Amino acid sequence: MDRSVASDISATVAGVRRSRAGAAVSMPFAWEELGADIGPAYFTVDHAPARLDAPPKDPREGFFAAARPLIAGK
């Protein structure tokens, strides 16, 4: 049975799940922001847009400045 590319694409799109309210998401944050109240479900799809619009500071600030060269093993 031949399948067309269009049927493959529509089947794939139909199988994609939409986010649910309250679903946890990955979010960059600075070490200083960590506390007892931050856990795996702290950042959600409900709160992500506001956080991304006004982050407290760039959590990647200084990332490349902290790089150190790798030393070959002996």
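Above this text is the structure in question.
Predicted, not measured: the structure shown is a model, and the values here were computed from it.

(A) A look at the overall build of the chain. Looking only at helices and strands, the chain features two helices and zero strands. Scored against the burial criterion, the 74 residues of the chain give a buried share of 11%. In the chain, once contacts between residues fewer than 6 apart in sequence are set aside, the share between residues at least 24 apart is 38%. Roughly 6,900 Å² of accessible area belongs to the chain as shown, and the carbon and sulfur atoms make up 60% of that amount.

(B) Summary view of the environment of D46. Following the sequence through the fold, D46 ends up in the loop between α1 (5–14) and α2 (48–53). Through-space distance from the C-alpha of D46 to that of A24 is 9.0 Å; in sequence the pair is 22 residues apart. Apart from the residues lying within four places of it in its own chain, the contact partners of D46 are A21 and G22.

(C) Region of the structure containing a nonpolar patch on the surface. A cluster of nonpolar side chains, namely F29, W31 and L34, defines an oily patch on the protein surface of about 370 Å² accessible area. For L34, the location among the structural elements is in the loop between α1 and α2. With relative accessibility at 39%, the residue L34 sits in the partly exposed group.

(D) View of the packing of aromatic side chains. With the rule as written, the count across this model stands at two aromatic pairs. Considering the side-chain rings of Y42 and F43, the 4.8 Å spacing of their centres and the 90° angle between planes classify their relative orientation as edge-to-face. Judged by its relative accessible area of 38%, Y42 falls in the partly exposed class. Its relative accessible area of 12% is what places F43 among the buried residues.

Reading the values: rules and limits
Residues numbered from 1 in each chain as written. Predicted model: local features only at pLDDT ≥ 70, side-chain atom pairs only at ≥ 80, totals over all residues. Heavy atoms only, no water. Helix = DSSP H or I, 4+ residues; strand = E, 2+ residues; numbered from the N terminus. Buried < 20%, exposed > 50% of the residue type's maximum accessible area, 1.4 Å probe, protein only. Contact = heavy atoms within 4.5 Å. Areas by Shrake-Rupley, 256 points an atom, 1.4 Å probe, with all protein chains shown as cover. Patch = residues over 30% accessible without salt bridge, like charges linked within 9 Å, V, L, I, M, F, W, Y side chains within 5 Å. Salt bridge = Lys/Arg side-chain N within 4 Å of Asp/Glu carboxyl O. Phe/Tyr/Trp six-rings, centres within 6.5 Å; stacked < 30°, edge-to-face > 60°.

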